[in-house]
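# Report on the structure
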Amino acid sequence: MKIAVIGAGYVGLVSAACFADFGHEVVCVDRDPRKLSLLEQGRIPIYELGLEPLVTANRQAGRLCFTDDLAQAVAAAEVVLLAVGTPTRATGDAADLAQLFSAAGEVARALRGFTVVVTKSTVPPGTAARLRATMAEARPVGDFEVASNPEFMREGSAVEDFTQPDRVVVGVASMRAENVLRQLYRPLTARNIPLLVTTCEAAEVIKYAANTFLATRIAFVNQLADFCERAGADVGDVTRGMGLDKRIGPAFLAPGPGFGGSCFPKDTRAMAHAAREVGQPFTIVESVIASNDTRKRQLVERVAAAVGGTLGGRRITVLGIAFKADTDDIRESSALTLIPDLQARGARLAVFDPVAMDNGRQLFEDVEWCEDAYAAATGADAVVVLTEWNLFRGLDLARLARVMRQPVLVDFRNLFLPEDALNAGLTYHSVGRPVVQAPDRPAAAVLPFRSGTV
Ligand code: NAD
């Protein structure tokens, strides 16, 4: 099939590459000249496991190309996927659909022959119907259908998620659209991957419901961890005991620094807004949002307490600024709250992240960007782990303790065993577990703080 994908971001680029790999002919459109120029050079603008070889192979096979010419791409396409951003509006909680409606207007004017226009972007219920009306106004004689096909991929495993999803959800208003979408996804349904056909409204709600439910689990386990700290229980034991229950399962039961990323924060807000709009406030989601915001704001207090209360003049190392491991995405990451909060309290920041530092440099000032975790930890009063990179799990804790000014590790991801931290001579603060206090040691020599900016 001939497909045009509008938007070459995390979702658009992965979808375009995977559909091309399924044998479809894909033109991926973006209006960002920087992204297009990188893609033209065979470089991938985002960090996503397995994406580069897929893009390269399909470009070489002639099934995938990139352009800024939306009209030409759409005119040739049987299916147009809208994969543009739907961030939170500048004010309030509603999803900002400006990119979507602007792209849809351009698409409507460019249509040639019967085309199914599909929203892959996450959008509030009713959006497909509004798009249909807007496009019909822009192109009264256009022969098109609007469908909804929410995307459930996770950054960090997006290619695998796209090619082996738990299910595909398609929302349609006609058999004509359903047949086209069934053909599009035949390479997956032929492998017995379920394809659920619903109305557009239900498909739109399914995506918000799934994300808000997962966010609720995270908010729940974070408060559970706080409770465990007071109750003297190890949250790891508690979540293991819960997760073995088949009705609950083990996923999304890891406490941490609060959820971030480009989806959960904005989708919870958009869901809460949509519910208020229809006069049916979703109070559970409202409190998930509030508790997550509070958690992020409290991170600085936890770090301050770990270094004895005062942050002024302290050198604090942050390991990880990506909102989660295996991505360079820092949108709504806890680092975006914690780093400015630490700086506002007078701390000096040394930061290392294996892939997200280029994005960080564009956002943070007065941060020392370091070449590895040990360089970042040198001379530090505390090391704070914010992202659960595997690279950090393998750290030599004794070496880390040796280079620090004060051997204090604040681990917001529970990456380490408390006894390992203790054996390394660290005072160890984690989430939902008792603090482990290092035995007194002679004050470490203050090693020169390498300015190793990379
Ligand atoms: P993104 O910001 O990474 O990418 C959006 C891209 O669209 C940008 O490259 C932008 O330049 C381009 N764009 C915007 N308007 C355009 C236009 N008129 N013509 C051409 N290009 C245009 O966004 P993303 O993270 O890929 O998310 C896209 C949508 O998918 C959002 O609704 C998001 O909620 C949803 N989603 C995201 C993920 C994820 O993990 N990132 C997962 C599932 C769903």
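Since this is a predicted model, take the numbers as computed values, not measurements.

### Digging into the packing of helix H5 (residues 98–110) against helix H6 (residues 127–138)
At a closest axis distance of 9 Å, the pairing of H5 and H6 adopts a crossing angle of 40°. Relative to H6, H5 is oriented oblique. The element H5 and its partner H6 pack so that their crossing is right-handed. Of H6, the residues touching H5 (which contributes Leu100, Phe101, Ala104, Val107, Ala108 and Arg109) are Thr127, Arg130, Leu131, Thr134, Met135 and Ala138. Partitioning the contact of H5 with H6 into residue classes produces eight nonpolar, two polar and two charged.

### A word on the sheet that holds strand E13 (residues 408–411)
Note: strands within a sheet are paired through backbone hydrogen bonds, in either parallel or antiparallel orientation. Pairing within the open sheet is parallel, and its six strands lie in the order E11-E10-E9-E12-E13-E14. In this open sheet, the two strands that pair with only one neighbour each are strand E11 (367–369) and strand E14 (427–429). Across this sheet, the average inter-strand angle for adjacent strands is 20°, counted without regard to direction. Two strands pair when backbone bridges link them, and strand E12 (residues 382–385) and E13 are joined in this way by three bridges, in the parallel orientation. Across the sheet, residue Val385 finds its bridge partner in E13, namely Asp411. Those strands touched by helix H14 (residues 335–344) are strand E9 (315–319), strand E10 (348–352), E11 and E12, and its axis lies near 155° from that of E10.

### Structural notes on unusual backbone geometry
At Asp366, a position not held by glycine, the phi torsion is positive, near 55°. Here Asp366 is to be found in the loop between helix H15 (357–361) and E11. Its identity as a non-glycine residue notwithstanding, Asn414 has a phi of 50°, on the positive side. Mapped onto the elements, Asn414 comes out in the loop between E13 and helix H19 (418–423).

### Some words on the site of the ligand
In the vicinity of the ligand, 27 residues are found, and the nearest of them are Asp30, Lys35, Thr86, Glu155 and Lys266. At 2.8 Å, a backbone N or O of Val11 approaches an oxygen atom of the ligand. A distance of 3.4 Å separates a nitrogen atom of the ligand from a polar side-chain atom of Arg31. For the ligand, whose accessible area on its own is 840 Å², the fraction buried by protein is 92%. Residue assignment for the shell around the ligand shows that the elements contributing at least two residues are helix H1 (10–21) and H5. Considering every element that reaches the shell around the ligand, the biggest residue donor is H5, with three residues. Tallied by class, the residues present in the shell around the ligand amount to nine nonpolar, eight polar and 10 charged.

### Digging into the packing of helix H10 (residues 200–231) against helix H11 (residues 235–243)
Direction vectors running N to C along H10 and H11 enclose 135°, while the axes themselves pass 9 Å from each other. In this view, H10 runs oblique relative to H11, as classed from their interaxial angle. You can see that H10 and H11 cross each other, and the crossing is right-handed. The segment H10 lies against H11, with Phe220, Val221, Leu224, Ala225 and Cys228 engaging Val235, Val238, Thr239 and Met242.

### Observations regarding the domain arrangement of the chain
Domain boundaries assigned for the chain yield domain 1 (2–198), domain 2 (208–289) and domain 3 (295–429). Relative to domain 3, the C-alpha centre of domain 1 lies at a distance of 37 Å. Tallying the contact residues gives seven residues for domain 1 and nine residues for domain 3. A combined buried area of about 660 Å² lies between domain 1 and domain 3, and 45% of that area is made up of carbon and sulfur atoms. When the area that domain 1 buries against domain 3 is broken down by residue, the three leading residues are Tyr10, Tyr47 and Glu155, summing to 79%.

### Structural notes on empty space enclosed by the protein
Rolled over the atoms, a probe as big as a water molecule pinpoints where empty space is left. As enumerated under the stated definition, the model contains three cavities of 30 Å³ or more in all. Volume-wise, the largest cavity comes out at about 40 Å³. In terms of lining, the largest cavity is formed by Asp226, Gly256, Pro257, Arg295, Gln298, Leu299, Arg302 and Phe412. Here the element with the most residues in the lining of the largest cavity is helix H13 (residues 283–306); it accounts for four residues. Composition of the lining of the largest cavity by domain shows at least three residues from each of domain 2 (208–289) and domain 3 (295–429).

### Comments concerning the packing of aromatic side chains
On inspection of all chains with the given rule, the structure shows 10 aromatic pairs. Between Tyr47 and Trp389, the aromatic rings sit 6.4 Å apart at their centres with planes inclined by 70°, giving edge-to-face as the arrangement. Remark: Trp389 occurs in the loop between E12 and helix H17 (390–393) and Tyr47 occurs in the loop between helix H2 (33–40) and helix H3 (51–60); sequence separation between them is 342 residues. Residue Trp389 is classed as buried on the basis of its relative accessible area of 5%. Each ring, one from Phe259 and one from Phe264, has its centre 6.0 Å from the other, and the planes form 80°; the classification is edge-to-face. Residue Phe259 is classed as buried on the basis of its relative accessible area, which comes to 6%.

Parameters and conventions
- Residues numbered from 1 in each chain as written.
- Predicted model: local features only at pLDDT ≥ 70, side-chain atom pairs only at ≥ 80, totals over all residues.
- Heavy atoms only, no water.
- Axes fitted to C-alpha atoms, helices over the stretch in contact; angles between N-to-C directions.
- Helix = DSSP H or I, 4+ residues; strand = E, 2+ residues; numbered from the N terminus.
- Parallel < 35°, antiparallel > 145°, perpendicular 65-115°, else oblique.
- Left-handed = near helix turned anticlockwise from the far one by under 90°.
- Contact = heavy atoms within 4.5 Å.
- Nonpolar A, V, L, I, M, F, W, Y, C, P; charged D, E, K, R; others polar.
- Pairing = 2+ DSSP bridges.
- Near = heavy atom within 4 Å.
- Polar contact = N/O pair within 3.5 Å; in protein donor to acceptor, adjacent residues only side chain to side chain.
- Areas by Shrake-Rupley, 256 points an atom, 1.4 Å probe, with all protein chains shown as cover.
- Domains from an automatic or database assignment.
- Buried area = accessible area lost by both parts, 1.4 Å probe.
- 1 Å grid on protein atoms, 1.4 Å probe; cavity = no way out; pocket = protein on both sides within 12 Å on 5 of 7 lines; lining within 4 Å.
- Points joined across faces, edges and corners; volume = space filled by probe spheres on them.
- Phe/Tyr/Trp six-rings, centres within 6.5 Å; stacked < 30°, edge-to-face > 60°.
- Buried < 20%, exposed > 50% of the residue type's maximum accessible area, 1.4 Å probe, protein only.

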